[in-house]
Amino acid sequence: MTITNGHSVPLAPPRVPAARGRLRDVPVSGPKRVLLAAPRGYCAGVDRAVVAVEKALEQYGEPVYVRKQIVHNVHVVSTLEQRGAVFVDDVAEVPRGSHVVFSAHGVSPAVVAGAAERDLHAIDATCPLVTKVHREATRFAKAERTIILIGHAGHEEVEGTMGHAPDRTILVNGPADVAALDVPDPDNLVWLSQTTLSVDETMETVRLLREKYPSIENPPSDDICYATQNRQVAVKKVAPAADLVIVVGSANSSNSVRLVDVALEYGAKDAHRVDYAEEIRQEWLDGVRTVGVTSGASVPEVLVAEVLGQLADAGYGSVEEVVTAHEDLMFSLPRELRTDADGKSTRPLGGRTR
């Protein structure tokens with residue numbers, strides 16, 4: 001199975017972490033240090049979705065089917081696969097009567113209907129912040145507004161959102177698309193966005209849309225999620241002082257990929273994305289005194305810890321955390337999973353460091 005976001009990312013086989021000490025401690029002109037961005041890693045919506053799959057496996061036994069990758073991280077997906085989750089591209093691949101989890105990125109009403117036709121027991125792990133955008137799209141479509149959706153073509157979240165208002169939505173990938181945009185009713189427009197975009201690029205797209213269509217309306221509240229914004233703000237703080245920024249995250253994770261772009265835009269001399277610590281190359285560290293480290297919103301903290309371990313072996317043992325916000329948001333689990341094996345209610349989950 002592959003997921004598109006400008007990249008194809010297959011499910012990963014079980015992984016054995018690389019041995020420590022692979023990177024060499026090469027002297028540079030001055031002390032070495034790491035600036036560790038915070039917030040980083042799991043957001044509340046990702047945590048909720050991952051726990052939903054774990055709890056479904058505990059409650060119903062394996063296999064539990066998951067439509068698409070539950071979150072965009074190869075380590076998380078492969079770990080859940082080892083525990084008994086089966087990832088599929090389409091609900092048509094799920095045996096009738098089985099349990100299926102919808103990913104954090106959300107689905108269209110057509111997917112929900114397809115699951116019902118197969119008598120599947122569907123568990124909706126859509127991030128509540130994505131659900132908010134779905135509701136906005138549905139409401140504006142009923143009001144016969146034309147929706148300009150800013151987002152990446154082929155991303156599951158975009159496909160799900162467009163599926164809630166397919167006849168009223170026009171997709172714009174970014175600023176470069178605005179000039180050629182042609183809408184039937186320029187005085188009846190509203191814009192929405194994918195939740196995991198670059199804040200700066202999205203605002204530039206909105207600026208151009210407003211220049212072209214002065215009456216275009218804003219969404220009722222910001223669509224780009226708090227975690228995406230917070231992680232970008234943190235990396236903006238780290239980047240000016242960094243010779244190198246390492247972003248932990250997968251290639252199909254929009255918010256992880258954007259963190260690399262933001263780091264470079266805000267002053268980092270170099271920036272790279274890795275899934276695992278063993279992907280760090282020795283030549284990236286040539287002449288580097290300060291390394292910035294962060295991770296996307298679907299990345300477990302254990303992967304960041306491995307990166308810090310490899311960097312420590314290369315002489316970057318001094319770690320300073322750069323904190324720009326504190327996150328305490330939590331989301332309740334999907335209603336089907338809010339009780340334990342004894343029928344007792346479970347606490348809300350989301351936003352934990354895992």
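About the criteria used
- Residues numbered from 1 in each chain as written.
- Predicted model: local features only at pLDDT ≥ 70, side-chain atom pairs only at ≥ 80, totals over all residues.
- Heavy atoms only, no water.
- Salt bridge = Lys/Arg side-chain N within 4 Å of Asp/Glu carboxyl O.
- Helix = DSSP H or I, 4+ residues; strand = E, 2+ residues; numbered from the N terminus.
- Buried < 20%, exposed > 50% of the residue type's maximum accessible area, 1.4 Å probe, protein only.
- Phe/Tyr/Trp six-rings, centres within 6.5 Å; stacked < 30°, edge-to-face > 60°.
- Lys NZ or Arg CZ within 6 Å of the ring centre and 35° of its normal.
- Expected span 1.5 Å × (residues − 1).
- pLDDT = per-residue confidence, 0-100.
- Contact = heavy atoms within 4.5 Å.
- UniProt positions renumbered as here; feature names shortened; annotations may be inferred.
- Pairing = 2+ DSSP bridges.
- Axes fitted to C-alpha atoms, helices over the stretch in contact; angles between N-to-C directions.
- Parallel < 35°, antiparallel > 145°, perpendicular 65-115°, else oblique.
- Left-handed = near helix turned anticlockwise from the far one by under 90°.
- Nonpolar A, V, L, I, M, F, W, Y, C, P; charged D, E, K, R; others polar.

A. Quick peek at the pattern of salt bridges. Across all of its chains, the model carries 18 salt bridges by this definition. Among the ionic pairs, Lys32 bridges to Asp25, the shortest N-O distance being 2.9 Å. Arg207 is paired through a salt bridge with Glu204; the nearest N and O atoms lie 2.7 Å apart. Of this pair, Arg207 and Glu204 both sit in helix α6 (residues 199-212), separated by 3 residues, roughly a single helical turn. Note on Arg207: relative accessible area 37%, which makes it partly exposed. For Glu204, a relative accessible area of 29% gives the class partly exposed. The network of salt bridges with common partners includes Arg40, Glu301 and Glu321.

B. Local environment of the packing of aromatic side chains. Overall, the coordinates contain 0 aromatic pairs when judged by the stated rule. Between Arg139 and the ring centre of Phe140, over which it is positioned, the NZ or CZ distance is 4.8 Å.

C. Geometry of helix α1 (residues 44-60). The first and last C-alpha atoms of α1 sit 24 Å apart over 17 residues, in line with the 24 Å expected at 1.5 Å per residue. With its phi angle positive at about 80°, Gly61 sits one or two positions after the end of α1.

D. Fine view of the confidence of the model for the chain. Of the residues in the chain, 91% have a pLDDT of 70 or more, and the chain-wide mean is 92. Of the regions scoring below 50 in pLDDT, residues 1-9 engages in 33 contacts with residues more than four places distant in sequence or in other chains.

E. Quick peek at the UniProt feature "active site" (unreviewed entry) in the chain. The UniProt entry lists Glu157 under the feature "active site" (unreviewed entry), expressed in the numbering used here. Within the element layout of this structure, Glu157 appears in helix α5 (residues 156-163). Residue Glu157 is classed as buried on the basis of its relative accessible area of 2%. Discounting chain neighbours no more than four positions away, the residues touching Glu157 are His105, Val130, Ser193, Gln194, Thr195 and Thr196.

F. View of the sheet that holds strand β12 (residues 319-323). Strand order across the open sheet formed by 5 strands is β10-β9-β11-β1-β12, with parallel pairing between neighbours. With partners counted over all chains shown, the strands left at the sheet margins are β10 (271-274) and β12, one partner each. For this sheet, the mean angle separating the axes of adjacent strands, direction not counted, is 25°. Across 4 bridges, the pairing between strand β1 (residues 33-38) and strand β11 (residues 290-295) is parallel. The residue bridging Leu36 from the neighbouring strand is Val293, located in β11. Contacting β1, β9 (244-248), β11 and β12, helix α7 (residues 226-238) crosses the sheet at an angle of about 155° to β1. Its contacts with the sheet place helix α9 (residues 301-313) against β1, β9 and β11, and it is angled at close to 165° to β11.

G. Here's a closer look at the environment of Val50. Position of Val50 among the secondary structure elements: in helix α1. Note: C-alpha distance between Val50 and Val76 (26 residues apart in sequence) is 8.0 Å.

H. Up close: the UniProt feature "binding site: [4Fe-4S] cluster" (unreviewed entry) in the chain. Within this structure's numbering, the places UniProt gives as "binding site: [4Fe-4S] cluster" (unreviewed entry) are Cys43, Cys127 and Cys225. Spanning 183 residues, the named residues form one tight spatial group whose C-alpha atoms are at most 10.0 Å apart. Structurally, Cys127 can be placed in the loop between β5 (121-124) and α4 (128-142). A residue is classified by how much of its surface remains accessible, and Cys127, at 11% relative accessible area, is buried. Beyond its immediate sequence surroundings of up to four residues, Cys127 is in contact with Gly45, Ala104 and Phe331. Setting aside residues no more than four positions away along its own chain, Cys225 makes contact with Leu129 and Thr195.

I. Summary view of the sheet that holds β5. Spatial strand order, β3-β2-β4-β5: 4 strands in an open sheet with parallel pairing. Where the open sheet ends on each side, the last strands, each with one partner, are β3 (85-88) and β5. Recorded for the sheet is a direction-independent mean angle of 30° between the axes of neighbouring strands. Where strand β4 (residues 99-102) and β5 come together, 4 bridges link them in parallel fashion. Each residue of the ladder has a partner; that of Val101, found in β5, is Ile123.

J. Examining the environment of Arg20 more closely. Relative to the helices and strands, Arg20 is located in the segment before β1. Judged by its relative accessible area of 53%, Arg20 is exposed. Residues Arg20 and Gln310, spaced 290 residues apart in sequence, show a C-alpha to C-alpha distance of 6.2 Å. With residues up to four places along the chain from it excluded, the contact list for Arg20 reads Gly309, Gln310, Ala312 and Asp313.

K. Fine view of the packing of α7 against helix α8 (residues 254-265). For the pair α7 and α8, interaxial distance at closest approach is 9 Å and the crossing angle is 25°. Between α7 and α8, the angle is such that the two are roughly parallel. Here α7 and α8 pass one another in a crossing that is right-handed. Mapping the contact onto sequence places Thr228, Arg231, Gln232, Val235 and Lys236 in α7 and Asn255, Arg258, Leu259, Val262 and Ala263 in α8. Residues of the contact of α7 with α8, tallied by class, amount to 4 nonpolar, 3 polar and 3 charged.

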